[in-house]
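Residue-level listing of the chains:
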Amino acid sequence: MMADCDNATCSTKTLTTVDSVTSASTGRYTSIYCPTATDCKISYVDDTNVNLMMADCDDAACSTKTLTTVDSVTSADTGYCASIYCPTADDCKVSYLDYTNTNLMMADCDNATCSTKTLTTVDTDN
């Protein structure tokens, strides 16, 4: 779920289900970054398939969005503890854990939906 708060205390808000289609268990380890008030990016884990996902919201409440599998290839168990930062709306960086190999990973998104990206192992647990 995403809450789009209408005031500082969030006593009035719009709640939106961001991803109910990817799998039966999705939305763990979420992180959100909003380059603008109407353009938010949410990184999270699809826990059923154990993939790193990203939602690119097209409006403030995220009622319309594009869902992208960012990393499903690094290992059988990837995407945990994700954190997202976007210097611009079409350039996001997502750090996350490849749990199988205990590696710190980074996805460097080349477009707004992160359908094109570079996956890099930042640090290994050796």
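Residues numbered from 1 in each chain as written. Predicted model: local features only at pLDDT ≥ 70, side-chain atom pairs only at ≥ 80, totals over all residues. Heavy atoms only, no water.

Peer 1: Account for the overall build of the protein chain, with residues named and values stated.
Peer 2: Helix and strand content of the protein chain: 0 helices and 10 strands. In the protein chain, the order of α-helices and β-strands from amino to carboxyl end is β-β-β-β-β-β-β-β-β-β. Here the C-alpha radius of gyration of the protein chain, 14 Å, is about what a compact globule of 126 residues would show, namely 14 Å. Considered along the principal axes of its C-alpha atoms, the protein chain spans approximately 50 × 30 × 25 Å. For the protein chain, long-range pairs separated by at least 24 residues make up 34% of all intrachain contacts whose partners lie at least 6 apart in sequence. Carbon together with sulfur atoms contributes 50% to the accessible area of the protein chain, which is approximately 6300 Å² in total. Averaging the locations of the 6 positively and 18 negatively charged side chains of the protein chain gives two centres separated by 4 Å. (Helix = DSSP H or I, 4+ residues; strand = E, 2+ residues; numbered from the N terminus. Rg over C-alpha atoms; globule rule 2.2 N^0.38 Å. Contact = heavy atoms within 4.5 Å. Areas by Shrake-Rupley, 256 points an atom, 1.4 Å probe, with all protein chains shown as cover. Lys, Arg positive; Asp, Glu negative; His and termini not counted. Charge placed at Lys NZ, Arg CZ, Asp CG, Glu CD.)

Peer 1: Requested: an account of the packing of aromatic side chains, with residues and values cited.
Peer 2: Counted according to the given criterion, the structure contains 3 aromatic pairs. Ring geometry for Tyr29 against Tyr80: centres 5.2 Å apart, planes inclined by 80°, an arrangement best described as edge-to-face. Taken together, the residues Tyr29 in strand E3 (residues 26-36) and Tyr80 in strand E7 (residues 78-88) connect sequence positions 51 residues apart. Residue class for Tyr29 comes out partly exposed when judged on its relative accessible area of 35%. Among the aromatic residues, those joined into a cluster by ring pairs are Tyr29, Tyr80 and Tyr99. (Phe/Tyr/Trp six-rings, centres within 6.5 Å; stacked < 30°, edge-to-face > 60°. Buried < 20%, exposed > 50% of the residue type's maximum accessible area, 1.4 Å probe, protein only.)

Peer 1: Residues and numbers for the pairing of strand E8 (residues 91-98), please.
Peer 2: Note that E7 and E8 share 6 bridges and pair antiparallel. Bridged to Thr78 within E8 is Asp98. The hairpin turn running from E7 into E8, its antiparallel successor, is 2 residues long. Bridging between E8 and strand E9 (residues 103-109) involves 6 bridges; their strand directions are antiparallel. Counted as the bridge partner of Val94 is Ala107 from E9. Linking E8 back to E9 in an antiparallel pair, the connection comprises 4 residues, with Thr102 at a positive phi of about 50°. (Pairing = 2+ DSSP bridges.)

Peer 1: Which residues make up the state of the cysteines, and what values do they have?
Peer 2: Across all of its chains, the model carries 5 disulfides by this definition. Cys57 shares a disulfide with Cys62; S-S distance 2.0 Å. Classification of the bridge connecting Cys57 and Cys62 rests on its S-S torsion, roughly -75°, and on that basis the disulfide is left-handed. Overall, Cys57 belongs to the buried group, its relative accessible area being 1%. The disulfide partner of Cys109 is Cys114, and the S-S distance across this bridge is 2.0 Å. Between Cys109 and Cys114 the disulfide shows an S-S torsion of about -75°. By sign, it is left-handed. (Disulfide = S-S within 2.5 Å.)

Peer 1: Break down the nonpolar core for me, citing the residues and quoting the values.
Peer 2: Grouped together as the largest cluster of nonpolar side chains are 13 residues, with contacts concentrated most on Leu52, Met54, Val70, Ile84, Val94 and Tyr96. Looking at this core, the elements with two or more residues in it are strand E5 (51-57), E7, E8 and E9. Of all hydrophobic cores here, the second largest spans 9 residues; its members include Met2, Ile42, Ala55 and Cys57. (Core = buried A, V, L, I, M, F, W, Y, C linked by side-chain atoms within 4.5 Å.)

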